[in-house]
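Coordinates in review
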Amino acid sequence: MPRHHLDRHAGAIIVEAANGDHDDLLTTPALAALFRVSKQWLEIGRSKGYGPPFIRLAPQVVRYRRGDVQAWLAERQYAHTADYDNG
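We now turn to the structure provided with this report.

What counts, and at which threshold
- Residues numbered from 1 in each chain as written.
- Predicted model: local features only at pLDDT ≥ 70, side-chain atom pairs only at ≥ 80, totals over all residues.
- Heavy atoms only, no water.
- Helix = DSSP H or I, 4+ residues; strand = E, 2+ residues; numbered from the N terminus.
- Areas by Shrake-Rupley, 256 points an atom, 1.4 Å probe, with all protein chains shown as cover.
- Buried < 20%, exposed > 50% of the residue type's maximum accessible area, 1.4 Å probe, protein only.
- Arc of directions from axis to C-beta.
- Contact = heavy atoms within 4.5 Å.
- Pairing = 2+ DSSP bridges.
- Salt bridge = Lys/Arg side-chain N within 4 Å of Asp/Glu carboxyl O.

**Digging into the overall build of the chain**
Per the secondary structure count, the chain includes 4 helices and 3 strands. Overall, the chain shows an N-to-C arrangement of helices and strands of α-β-α-α-β-β-α. Just so you have it, the chain exposes about 5,300 Å², and 52% of that area is on carbon and sulfur atoms.

Spelled out as structure tokens, the structure:
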């Protein structure tokens, strides 16, 4: 799994992401603000497969389920840098 700067903040972002219903659908700009990354980072992540799971509602309409985002972040939480998978 590639490492990104948001890995360091995963725990804090999980807490912030918990403010809302598990089934809430987040827009790309809303998730980018939550992650403190650009919209482009999420768009590239969707195309390259390293971002959180998403739902495509229409060709130009993408949403992220809050619960899926929380689970994806939880998978990225580490106690030590030695815990990272070097793959």
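Now that the structure has been shown, the text picks up again.
**Let's talk about helix H3 (residues 39–48)**
Every buried residue belonging to H3 is among Trp41, Leu42, Gly45 and Arg46, and all of these are buried. Projected onto a plane normal to the axis of H3, the buried residues spread over an arc of 135° and lie on a single side. For H3, exposure combined with an orientation more than 90 degrees from the buried face picks out Ser47 and Lys48. For H3, the secondary structure elements touched by its buried residues are helix H2 (28–35), strand S3 (61–65) and helix H4 (66–75). Gly49 sits one or two residues past H3 and shows a positive phi near 85°.

**Structural notes on the pairing of strand S2 (residues 55–58)**
Of the strand pairs in this sheet, S2 and S3 are connected by 3 bridges, and their pairing is antiparallel. Looking across to S3, one finds that Ile55 is bridged to Arg63. Where S2 hands over to S3, the hairpin turn is made up of 2 residues, counted between the paired strands.

**Regarding the pattern of salt bridges**
By the definition in use, this model includes 3 salt bridges. The closest approach of N and O atoms between Asp23 and Arg65, which form a salt bridge, is 3.0 Å. Taken together, the residues span a long stretch of sequence, with Asp23 in the loop between helix H1 (10–17) and strand S1 (25–26) and Arg65 in strand S3 at a distance of 42 residues. Residues joined in a network through salt bridges with shared partners are Asp23, Arg65 and Asp68.

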